[in-house]
Amino acid sequence: GGTTLNIYRDVLAATWANWSWDTDVDFAATDNVFAGTKSIGCESLEAFSGFMLRNETAINATNYSQLRFAIYTPDHPSGFPPLLQVYVQPSDSGAASTAALVEPNEDEWTVVSIPMTELGNPNSIKVITIQSLADEPLGPFWIDNLQLLP
């Protein structure tokens, strides 16, 4: 077995940067936390907005079996649960991996574990994206304990 890579656990790992679009992001939110003392507070401002993190260098994805994170979405005014897609990219302009569809529970933390097989077994990961598939702003949501697991 290898070592878990903590991308976010109370703090964003030093080599990662926020590349989100149409989304306000707070990496030190304390109003809704899954574990530890902080989480990533997000506010989706537009339809199809995305939470995106980019690492300085590509990671060897073959060392990991799954991408895992916790997400909290409040009840959405539309009455429909949020539908998200998660995908990775090997470089800044690299083709996106197969997208894994995620439908988190509302008004509670949902732990999402995505096997690398669901992402098309990428060889390397430089960018991780969690994107709303809603044709309207998703509103607030929180992400915590974002990790790659061996």
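In this text the structure is predicted, and so the values were computed from the model without any measurement.

Rules of the game
- Residues numbered from 1 in each chain as written.
- Predicted model: local features only at pLDDT ≥ 70, side-chain atom pairs only at ≥ 80, totals over all residues.
- Heavy atoms only, no water.
- Pairing = 2+ DSSP bridges.
- Helix = DSSP H or I, 4+ residues; strand = E, 2+ residues; numbered from the N terminus.
- Axes fitted to C-alpha atoms, helices over the stretch in contact; angles between N-to-C directions.
- Salt bridge = Lys/Arg side-chain N within 4 Å of Asp/Glu carboxyl O.
- Buried < 20%, exposed > 50% of the residue type's maximum accessible area, 1.4 Å probe, protein only.
- Phe/Tyr/Trp six-rings, centres within 6.5 Å; stacked < 30°, edge-to-face > 60°.

**So, the sheet that holds strand E10 (residues 124-132)**
- Read across the open sheet, the five strands follow the order E2-E5-E10-E7-E8; overall the sheet is antiparallel. The sheet is open, and its two edges are formed by strand E2 (16-18) and strand E8 (100-102), each paired on a single side. Strand-to-strand, the axes of this sheet are offset by a mean angle of 20°, without reference to chain direction.
- Here six bridges tie strand E7 (residues 84-89) to E10, and the two strands are oriented antiparallel to one another.

**Remarks on unusual backbone geometry**
- Phi at Asp-10 is positive, roughly 75°, even though this residue is not glycine.
- In this structure, Asp-10 sits in the loop between strand E1 (5-8) and E2.

**Quick word on the pattern of salt bridges**
- If you walk through the whole model with that rule in mind, you get two salt bridges.
- We note a salt bridge from Arg-54 to Asp-92, for which the minimum N-O separation is 2.8 Å. Note that Arg-54 is positioned in strand E5 (residues 50-60) and Asp-92 in the loop between E7 and E8, a separation of 38 residues in sequence.
- The partly exposed category is assigned to Asp-92, whose relative accessible area is 37%.

**Notes on the packing of aromatic side chains**
- Taken as a whole and judged by the stated rule, the model has four aromatic pairs.
- Their ring planes at 40° and their centres at 6.4 Å tell us that Tyr-8 and Phe-27 sit as a pair that is tilted. Here Tyr-8 is found in strand E1, whereas its partner Phe-27 is found in strand E3 (residues 23-29), with 19 residues between them in sequence.
- When the ring of Phe-34 is compared with that of Trp-109, the centres are 5.6 Å apart and the planes differ by 55°; the resulting orientation is tilted.

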